[in-house]
Amino acid sequence: MRIVQLTAGTGSFFCGTCLRDNALVLALRRQGHDVRMVPLYLPMHVGPVDASEGAPIYFGGINTYLQQGSSFFRALPRWLDRMLDARSVLGLAAKKAGMTEPADLGALTISVLRGQDGHQRKEVERLCRFLERGERPDVVCLSNALLAGLAEPLRERLGVPVVCTLQGEDGFLDAMPDADRALAWEVLAERAVHVDAFVAVSAYHGELMGQRLSLEPERVHVVRNGIDPDEIAPRQAPPEQPTIGYLARMCHDKGLHVLVDAFIALRGRWPEGKPAPRLLVAGVMNGIDVPYVERLRARLDAAGLGAAVEFRPNLTHEQKLAFFAELTVFSVPAVYSESFGLYAVEAMAAGVPVVLPDHAALPELVRGSGAGLLSRHDDAEDLARALVELLGDPAMAAEMGARARASARNDYHVDRMATEVAAVFQKVSAAAAARSEHAAG
């Protein structure tokens, strides 16, 4: 099949959505599909192999932002637009991308959701012209529902079906101010009717978005995310000192504060004479996250545990892969409605057992694999209980780690994900061809 994948880049930090889409495109290419990946807003930041390498960036983040605020920038000549879309310029802008929150982006998000009826209509036209110039694809895939405003113009201009991945949109939209949030969901529901099929990354998120957008069940296909488990070396043995690991953005939504409180409680009840656990905290830390992290450091210092916790912000790809080998157990107690939890599958691939909250999509990872334990949502005391139980039973931890590694290889392999996503693409493409043939007849 000929496929176009449209994914919003981050420019300067890793995100689960970009990593998932990049891995999907590479796997589809290995399976013989002709896939073109087009980055939107900012360059991709995905590690050593970028599936979008060499592709121009559309909906450049600077132009998209400026066109929202002023009609002057909506009428700029193309040569000026090109200057603002240069990768070097967008690279500088990417350093500021992590300084914004959903609450600050309400009007812009709504405008982009309106597609050709929004202030960025010039960007919509440019993208459509670019895709029209190449060989017509069989299907176009949008990375998430925040791009649903592109579905109608792409279907009309290219004459092909549009599929949209569902992965984490609700958390972004729900963080907006009340007026913006209500309107954004309303506009998204209107634009969703132009999408031929949706691919949800978990059963939980598929059901949630299906309800909130009033989607017919047959339009939503659940395809669990996948990784390349061979990229992550299996942990040879747990470390001598019990070590709890966290690898996600260092922010409130991912529940880092819950883990810090659980660690303080855990250390307070740890048996004397046994090596005391330590905590390794790694992942993305943007400028806007710094005050939150500093408050957690102060809380640890006040408890006398500052030296027992190490913070490793913004790891490289290679550092991330090596991180899991240092762990006894892995935990990200996300407090928001996590749509999947790719970080947990990466830990599982290393053979590290997990402790996750019994909330949103995360129980699907644990209950389906036997890879660890569940704790009550947003409950530091219960998280401490589960961590003590697992750290105190090496035999159970080893068994769960083995199950975790097996599940990552069998249930969450990137090739399985690619095969199932391709089947959805083929289904909607065949249906579109049948409709065209019927209309012509």
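Structural data are supplied above this passage.
On a predicted model such as this, the values are computed, not experimentally measured, just so you know.

Observations concerning the sheet that holds strand β2 (residues 34–40)
Pairing is parallel across the open sheet formed by 6 strands, whose spatial order is β2-β1-β3-β4-β5-β6. On the outer flanks of this sheet lie β2 and β6 (220–222), each paired with one strand and no other. With strand direction ignored, the average angle separating the axes of adjacent strands in the sheet is 25°. Taken strand by strand, helix α8 (residues 151–158) contacts β1 (2–8), β3 (139–142) and β4 (162–166), and its axis lies near 165° from that of β3.

Examining the pairing of strand β11 (residues 354–357)
Judged by which residues are buried, β11 turns out to be covered on both faces: Val-354 and Leu-356 on one side and Val-355 and Pro-357 on the other are all buried. Relative to strand β12 (residues 372–375), β11 is paired through 4 bridges, and the arrangement is parallel. For Pro-357, the partnering residue across the bridge sits in β12 and is Ser-375. The β-α-β motif built from β11, the intervening helix α16 (residues 362–367) and the parallel element β12 has right-handed crossover chirality.

Thoughts on the environment of Leu-183
Structurally, Leu-183 can be placed in helix α10 (residues 178–192). When the C-alpha positions of Leu-183 and Ile-110 are compared, they lie 7.4 Å apart, and in sequence the two are 73 residues distant.

Section: the nonpolar core
Membership of the largest hydrophobic core comes to 98 residues, with the highest contact counts inside it found for Ile-244, Leu-256, Phe-324 and Phe-330. Non-local contacts of Phe-330, meaning those with residues more than four positions away in its chain, are made with Gly-245, Tyr-246, Leu-247, Phe-324, Tyr-343, Ala-344, Ala-347, Val-352, Pro-353, Val-354 and Val-355. Among the nonpolar cores identified, the runner-up in size contains 50 residues, and Val-38, Val-140, Leu-142 and Leu-146 belong to it.

Describing the state of the cysteines
Counted according to the given criterion, the structure contains 0 disulfides. Cysteine Cys-15 is unpaired, with the sulfur of Cys-18 as its nearest cysteine sulfur at 3.2 Å.

Here we look at the pattern of salt bridges
Pairing between side chains of opposite charge can happen when the charged atoms of each approach one another. The full count for this structure, using the stated rule, is 35 salt bridges. A salt bridge links Arg-403 to Glu-399, with the shortest nitrogen-to-oxygen separation between them at 2.4 Å. Placement of both Arg-403 and Glu-399 in helix α18 (residues 394–410) is noted, with a separation of 4 residues, approximately one turn of the helix. Classification of Arg-403 by relative accessible area gives partly exposed; the value is 38%. For Glu-399, a relative accessible area of 43% corresponds to the partly exposed category. When salt bridges with common partners are traced through the structure, they connect Arg-78, Asp-81, Asp-85, Lys-122, Glu-123 and Arg-126 into a single cluster.

Things to note about the packing of helix α7 (residues 121–133) against α8
One way to put it is that α7 packs onto α8 with a least axis distance of 10 Å and a crossing angle of 35°. α8 is crossed by α7, and the crossing has right-handed handedness. Where α7 abuts α8, its residues Val-124, Glu-125, Cys-128, Arg-129, Leu-131 and Glu-132 lie against Pro-153, Leu-154, Arg-157 and Leu-158. For the contact of α7 with α8, the per-class residue count stands at 6 nonpolar, no polar and 4 charged.

Side note on α10
Taking 1.5 Å of rise per residue, 15 residues should cover 21 Å, and α10 covers 21 Å from first to last C-alpha, within 8% of that figure. For α10, the set of buried residues is Ala-184, Trp-185, Val-187, Leu-188, Arg-191 and Ala-192. On its buried face, α10 is in contact with α6 (106–113), α8, α9 (169–174), β5 (197–200) and α11 (203–212).

Section: the side chain of His-205
Relative to the helices and strands, His-205 is located in helix α11. Among the residues examined, His-205 registers a relative accessible area of 0% and is labelled buried. Look past the residues within four positions of His-205 in its chain and what remains in contact with it is Leu-166, Gln-167, Gly-168, Glu-169, Asp-170, Ala-200 and Ser-339.

Comments concerning the pairing of β1
Walk down a regular strand and you will see the side chains alternate between the two sheet faces. Counting buried positions along β1 yields 5 of 7 residues, so the element is predominantly enclosed. In the sheet, β1 pairs with β2 via 7 bridges, with the strands oriented parallel. Looking at the pairing, Ala-8 lines up with Leu-40 of β2. For the segment spanning β1, helix α1 (residues 16–30) and β2, crossover handedness is right-handed.

Scoring rules and cut-offs
Residues numbered from 1 in each chain as written. Predicted model: local features only at pLDDT ≥ 70, side-chain atom pairs only at ≥ 80, totals over all residues. Heavy atoms only, no water. Pairing = 2+ DSSP bridges. Helix = DSSP H or I, 4+ residues; strand = E, 2+ residues; numbered from the N terminus. Axes fitted to C-alpha atoms, helices over the stretch in contact; angles between N-to-C directions. Contact = heavy atoms within 4.5 Å. Buried < 20%, exposed > 50% of the residue type's maximum accessible area, 1.4 Å probe, protein only. Right-handed = clockwise from strand over helix to strand, strands pointing away. Core = buried A, V, L, I, M, F, W, Y, C linked by side-chain atoms within 4.5 Å. Disulfide = S-S within 2.5 Å. Salt bridge = Lys/Arg side-chain N within 4 Å of Asp/Glu carboxyl O. Left-handed = near helix turned anticlockwise from the far one by under 90°. Nonpolar A, V, L, I, M, F, W, Y, C, P; charged D, E, K, R; others polar. Expected span 1.5 Å × (residues − 1).

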